[in-house]
Amino acid sequence: MTEVKPSSLVLGAMMFGTAVDEATSFALLDRFVERGGVWLDTADCYAFWASDTGHGGDSERVLGRWLAARPGIRSKVRIATKLGAEPLEPGSWPDRREGLSPAAVRTAFAGSLDRLGVDRVDLLWLHQEDRSVPIEETVDALDGLAADRFGISNHPAWLVERGRAHARSVGARPFDALQLNATYLRPRPGTLPPGVAHRFGVLSDEQADYAAEHGMDVWAYTPLLSGAYDNPRKDIPEAYDHPGNASRLAVLDEVAKEADAARGQVVLAWLLSRGIRPMLGGSKLVQLDAAFDGVALELSADQLRRLDEVDRSDWAAPYAQR
Ligand SMILES: NC(=O)c1ccc[n+]([C@@H]2O[C@H](COP(=O)([O-])OP(=O)(O)OC[C@H]3O[C@@H](n4cnc5c(N)ncnc54)[C@H](OP(=O)(O)O)[C@@H]3O)[C@@H](O)[C@H]2O)c1
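Cut-offs used in this document
Residues numbered from 1 in each chain as written. Predicted model: local features only at pLDDT ≥ 70, side-chain atom pairs only at ≥ 80, totals over all residues. Helix = DSSP H or I, 4+ residues; strand = E, 2+ residues; numbered from the N terminus. Rg over C-alpha atoms; globule rule 2.2 N^0.38 Å. Buried ≥ 20, exposed ≤ 12 C-beta atoms within 10 Å, placed from the backbone. Contact = placed C-beta atoms within 7 Å. Near = placed C-beta within 6 Å. Nonpolar A, V, L, I, M, F, W, Y, C, P; charged D, E, K, R; others polar. Core = buried A, V, L, I, M, F, W, Y, C linked by C-beta atoms within 7 Å. Axes fitted to C-alpha atoms, helices over the stretch in contact; angles between N-to-C directions. Left-handed = near helix turned anticlockwise from the far one by under 90°. Pairing = 2+ DSSP bridges. Right-handed = clockwise from strand over helix to strand, strands pointing away. Parallel < 35°, antiparallel > 145°, perpendicular 65-115°, else oblique.

Undergrad: Before we go on, may I ask you to explain the overall build of the protein in this structure?
TA: Scanning the protein from N- to C-terminus turns up ten helices and eight strands. The globule rule puts the C-alpha radius of gyration for 322 residues at 20 Å, and the 19 Å found for the protein is close to it. Referenced to the eigenvectors of the C-alpha coordinate spread, the extents of the protein come out at roughly 50 × 45 × 35 Å. Across the 322 residues that make up the protein, the buried fraction comes to 45%. The long-range share in the protein, meaning contacts at least 24 apart out of those at least 6 apart in sequence, stands at 77%.

Undergrad: How should the site of the ligand be read in this particular structure?
TA: Among the 25 residues in the neighbourhood of the ligand, the closest are listed as Gly12, Met14, Gly227, Gly281 and Ser283. Every element with two or more residues in the shell around the ligand is listed here: strand E8 (276-280) and helix H9 (285-295). The class makeup of the residues in the shell around the ligand is nine nonpolar, 14 polar and two charged.

Undergrad: Would you take a moment to explain the nonpolar core for this structure?
TA: As a rule of thumb, nonpolar side chains are buried together in soluble globular proteins. Leu124, Val218, Ala220, Val266, Val267, Ala269 and Leu271 are the most contacted members of the largest nonpolar core, which totals 85 residues. With seven residues, helix H8 (residues 263-273) is the single largest residue contributor to this core. Aside from chain neighbours lying at most four places away, what touches Val266 is Leu252, Val255, Ala256, Ala259, Ala261 and Leu297.

Undergrad: Explain the packing of helix H3 (residues 102-116) against helix H4 (residues 135-142) here, please?
TA: In helix packing, the relevant descriptors are the interaxial angle and the interaxial distance, both defined with respect to the helix axes. Where H3 meets H4, the closest approach of the two axes is 8 Å, and the angle between their N-to-C directions is 35 degrees. Judged by the sense of rotation from one axis to the other, the crossing of H3 with H4 is right-handed. Taking contact as the criterion, the partners of Pro102, Val105 and Arg106 in H3 are, on H4, Glu137, Thr138, Asp140, Ala141 and Leu142. Taken together, the residues of the contact of H3 with H4 break down into four nonpolar, one polar and three charged.

Undergrad: So what exactly am I meant to see when it comes to the pairing of strand E6 (residues 177-181) here?
TA: Regular strands place their side chains on alternate faces of the sheet. The element E6 is extensively covered by neighbouring structure, given that four of its five residues are classed as buried. Relative to E6, strand E5 (residues 147-153) is paired through three bridges, and the arrangement is parallel. Pairing of Gly151 across the sheet is with Ala177, part of E6. Handedness of the crossover is the feature at issue here: the chain leaves E5, passes through helix H5 (residues 157-169), returns alongside E6, and the resulting connection is right-handed. With five bridges joining them, E6 and strand E7 (residues 217-221) adopt parallel strand pairing.

Undergrad: Got a minute to help me understand unusual backbone geometry in this structure?
TA: A negative phi angle is the norm for most residues apart from glycine, just as the trans form is the norm for most peptide bonds. Of the consecutive residues Tyr46 and Ala47, the connecting peptide bond is found in the cis state with omega at -15 degrees. Considering the arrangement of structural elements, one finds Ala47 in the loop between strand E2 (39-41) and helix H2 (58-69). In this structure, Asn154 takes a positive phi of about 60 degrees despite not being glycine. One can find Asn154 in the loop between E5 and H5. Of the residues examined, Asn154 has 24 C-beta atoms within 10 Å and is grouped as buried. For Thr222, which is not glycine, the phi torsion reads 50 degrees and is therefore positive.

Undergrad: So what exactly am I meant to see when it comes to the sheet that holds E2 here?
TA: Neighbouring strands of a sheet are bound in pairs by backbone hydrogen bonds; such pairs are parallel or else antiparallel. If you walk around this closed barrel you meet the eight strands as E1-E2-E3-E4-E5-E6-E7-E8, and the pairing is parallel. When the angles between neighbouring strand axes are averaged without regard to direction, this sheet yields 30 degrees. Those strands touched by H8 are E7 and E8, and its axis lies near 145 degrees from that of E8.

Undergrad: Explain the environment of Glu258 to me, please; I cannot follow it from the model alone.
TA: Positionally, Glu258 belongs in helix H7 (residues 243-259). For the pair Glu258 and Val33, spaced 225 residues apart in the sequence, the C-alpha separation amounts to 30 Å.

Undergrad: Help me out: how do you make sense of the packing of H7 against helix H10 (residues 301-308) in this one?
TA: Where H7 meets H10, the axes come as close as 9 Å, and the angle between the chain directions of the two elements is 165 degrees. When the axes of H7 and H10 are compared, the pair comes out roughly antiparallel. As for the relative orientation of H7 and H10, their crossing is left-handed in sense. Between H7 and H10, the contacting residues are Val251, Val255 and Glu258 on the first element and Gln303, Arg306 and Leu307 on the second. When its residues are assigned to classes, the contact of H7 with H10 shows three nonpolar, one polar and two charged.

Undergrad: Whenever I open this one, the environment of Arg97 confuses me. Can you help?
TA: Within the secondary structure, Arg97 sits in the loop between strand E3 (78-83) and H3. Given 20 C-beta atoms within 10 Å, Arg97 falls into the buried group. Here the alpha-carbon distance between Arg97 and Asp289, two residues 192 residues apart in the chain, equals 36 Å. What Arg97 contacts, discounting residues up to four positions off in sequence, is Ala85, Glu86, Pro87, Leu88 and Ser92.

Here you go:
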């Protein structure tokens, strides 16, 4: 089983500076570091849909002010940001967005560094695909940017492979991480769960297999279904309504009861057991604490087997995690 460490949990800063006010964002960030968290995830476009301006940038700005207010903290955290999805004008997403042309990549990245107040990021993600630009051109544009690693989100496996093959052929760093929606429940084929706005946004067998085969890191967004596993005021989204998930929920309930844990905590522990790094978008300290307790849960081999084997177990073969 993958070694479980608090540093495996990623703090998603998507709503920092909009739905989550600055004081709460700072408190969450402080607690995250206190509890051993390392990776922070944001994007240049967060969170345009919740901002009065219709543009992103609030999340990165809050992170930048927090880094500035906490001298020395930069060396304790790793910062991941994304580009490509910022709307060109308020209301223009998804039709008119910055995209992944070389010029857009360079401009977006400069904006992110400026808002974050850093000279380098630890991981830079392509946020969503842009079929108007050959991925080779985007990969060439990434080379030389001040980022230690590159990752790719919401792209089909074939395009990831094409980008990685090109990077290898020109001696550039290939994408080494995938960011996709993943949780314990599976959406019904042909549906996308709420919060997933991308055709290839839900971790598929093929993407998981590709990542496993190439030793890529996998980060899971919206792993807690925005709280629906445990918040009685939130329904499990309709996209998850099918008989396979009825069985999965029954096993999840069983294991949660045995482990004296919440369902979401078991989901986080299960994702980690599969080598998938969960990203938490909590808005409250108590949620962050619950998530750290979740990743520390020690599920037995039998509990993991029951969770894995409820319908099929092939896709869930654990893969290497950095
Ligand atoms: N690459 C992409 O396209 C993409 C897309 C989406 C997200 N992301 C990244 O992934 C991160 C996480 O995504 P997310 O916010 O959708 O994930 P999530 O963790 O599934 O949802 C976060 C929400 O879950 C609720 N919650 C958390 N812990 C809870 C608990 N213990 N009990 C009950 N409710 C709980 C909270 O809702 P309340 O605030 O209502 O209490 C919280 O705001 C984002 O911040 C972002 O960095 C990336």
